[in-house]
Amino acid sequence: MKDIRRNLTMLCDYYELTMSNGYFVNGMKDKIVYFDVFYRDNPDNGGYAICAGLQQIVEYIKDLKFEDEDIEYLRGRKCFSEEFLEYLKSFRFSGDIWAIPEGTVVFPGEPLMTVRAPIIEAQFIETYVLMMINHQSLIATKAARITRSAKGRPVSEFGSRRAQGADAAMLGARAAYIGGCGSTACAIADQAYGVPAGGTMAHAWVQLFDTEYEAFKTYCEIYPNNATLLIDTYNVLESGLPNAIRVFKEQGIAKGAVRLDSGDVTYLTKKIRKKLDEAGLPECRIVVSNSMDEYIIRELIRQGAEVDAFGVGERLITAKSDPVFGGVYKVCAIEDKDGNVIPKIKISENVGKITTPHFKKVYRIRDKETGKAEADLICVYDETIDETQPLEIFDPVATWKRKTFDNYTATELLVPVFKNGEQVYKLPTIEEIRAHCKEEIEGMWEEVRRFTNPHNYYVDLSEKLWTLKHDMLAKHRNAKK
């Protein structure tokens, strides 16, 4: 694959630099801290999200280094100490990272990634980490919804020209493939990430020939094994479809396709299917596009539209209906001089913004008989679950709501990615991530996968963690009296 990496060290919020300088000047550069990445709400009021973006984070962290021109730029701002600038010359990430693998189904409030490192290193990577997880998780989640709505029909990502910039187009195509799309129109996404690229023709092709028939005939002569003809440049039923049928019959193309990018899709595709079958072309596929999303696709199928494949553009690549994933990066613990982990909590008048303290792990509880995921349990890092013993969980808000599992498995979701600055996690291929995502979604109950009013999947705290959090809240409350 093509290597398109760049030195993105300076792709950070400026306050990460000013805080880092402050930590350095204050003698805190070696202070070990823990940061969690998590999000608060599922996109589109859905029942889950798909985690994505880890590969780019790994590549970024491995390439972290300040160039001479970066140091000179910072010196020119006249607010950074020379000692700090000297320190940046040999800056590298030396910490530890745990993360949930890409393609995993995830839920609000649980750590998608935990970073343990000296404070400057941990603080400095915040922007890029959030950028990758927020963007790709958003698009992967949208793609999962759209491809599920298509009920097995292939979906191609068509959105590059509507994406917010080059990286959004490329990485959006990658995330869409993870989420279930079968291909992309973005050529460089194939070259760089192995996302299968494909394409047909634009209206311009048809318009540049004297006749529609000639345009179709020429295209089929050039691409006899991949002939998809765009039939709505002039009139779908009066010219586009008849010309396509004529060319397919003349050139003996039985497995071509026609594409529709406008009009009443349900009405037109029913007419198109009938005429193709009457012409002896039952294997000719019908591809539709034009501002599709999961709701439109679901409704078209419900109405009996004769569609074999979908192309989805702007509403996927921009996640137009809910374009912000909302992941955050918050301190959850520090280490004292003896290496003891000291929990930290952020308190807010907005209850949803109160963080869960401490260095944590996340277990996924699955029923052994069905294999379906039943709940996620967030624990303190030193807790373990004994699968031979019954496990009781409880709602962290309505604590009287409890459930006990007897026949279950408990799998840790966070895996080591970096140890002492060295990568210890083998990055899976894009095909492995995509297959994992499919398996993860299938492992959720249908009630969780509903588009509207999905079942609220349980994400609970262990009793130890719940007690710790509420003790810290009580201590803060009492200190104010």
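Definitions and limits used
Residues numbered from 1 in each chain as written. Predicted model: local features only at pLDDT ≥ 70, side-chain atom pairs only at ≥ 80, totals over all residues. Heavy atoms only, no water. Buried < 20%, exposed > 50% of the residue type's maximum accessible area, 1.4 Å probe, protein only. Helix = DSSP H or I, 4+ residues; strand = E, 2+ residues; numbered from the N terminus. Right-handed = clockwise from strand over helix to strand, strands pointing away. Pairing = 2+ DSSP bridges. Contact = heavy atoms within 4.5 Å. Axes fitted to C-alpha atoms, helices over the stretch in contact; angles between N-to-C directions.

### Examining the pairing of strand β9 (residues 257–260)
Right, so step 1: Burial of β9 is two-sided: the residues Ala 257 and Arg 259 facing one way and the residues Val 258 and Leu 260 facing the other way are all buried.
Right, so step 2: With helix α11 (residues 236–250) bridging strand β8 (residues 228–230) and the parallel β9, this β-α-β connection has right-handed handedness.
Right, so step 3: Relative to strand β10 (residues 285–288), β9 runs parallel, the two being bridged by four bridges. Following the sheet pairing, Arg 259 is matched in β10 by Val 287.
Right, so step 4: With helix α12 (residues 265–278) bridging β9 and the parallel β10, this β-α-β connection has right-handed handedness.

### Remarks on the sheet that holds strand β6 (residues 155–157)
Right, so step 1: Sheet architecture is open: six strands sit in the order β7-β6-β11-β10-β9-β8, paired in parallel fashion. The sheet terminates laterally at β7 (183–184) and β8, the two strands that pair on one side only.
Right, so step 2: Pairing geometry for β10 and strand β11 (residues 309–312), over two bridges, is parallel. In the strand pairing of β11, Val 288 is matched with Phe 310.
Right, so step 3: Lying over the sheet, α11 contacts β8 and β9, oriented at roughly 160 degrees with respect to β9.

### So, the environment of His 358
Right, so step 1: Mapped onto the fold, His 358 is located in the loop between β13 (341–343) and β14 (360–367).
Right, so step 2: Look at His 358 and you get buried, because its relative accessible area is 9%.
Right, so step 3: Separated by 205 residues in sequence, His 358 and Arg 153 have C-alpha atoms that sit 44 Å apart.
Right, so step 4: Every residue in contact with His 358, bar those within four places of it in the chain, is listed here: Asp 36, Cys 332, Ala 333, Val 341, Pro 343, Lys 344, Val 380, Tyr 381, Leu 465 and Leu 468.

### Here we look at the sheet that holds β13
Right, so step 1: Strand order in the open sheet formed by seven strands is β13-β12-β1-β5-β3-β19-β20, and the pairing between neighbours is antiparallel. The outermost strands of the open sheet, each flanked by one partner alone, are β13 and β20 (422–423).
Right, so step 2: Two elements, strand β12 (residues 328–335) and β13, share three bridges in a ladder whose sense is antiparallel. When the sheet's bridge partners are listed, Glu 335 is paired in β13 with Val 341.
Right, so step 3: Across the sheet, helix α2 (residues 54–62) touches β3 (96–99), β5 (113–118), β19 (415–419) and β20, and the angle it forms with β19 is around 15 degrees.

### Focus: the environment of Gly 95
Right, so step 1: Its place among the elements puts Gly 95 in the loop between α4 (82–88) and β3.
Right, so step 2: Taking the C-alpha atoms as reference, Gly 95 lies 4.9 Å from Gly 421; in sequence the two are 326 residues apart.
Right, so step 3: Non-local contacts of Gly 95, meaning those with residues more than four positions away in its chain, are made with Arg 116, Ala 117, Glu 121, Phe 418, Lys 419, Asn 420 and Gly 421.

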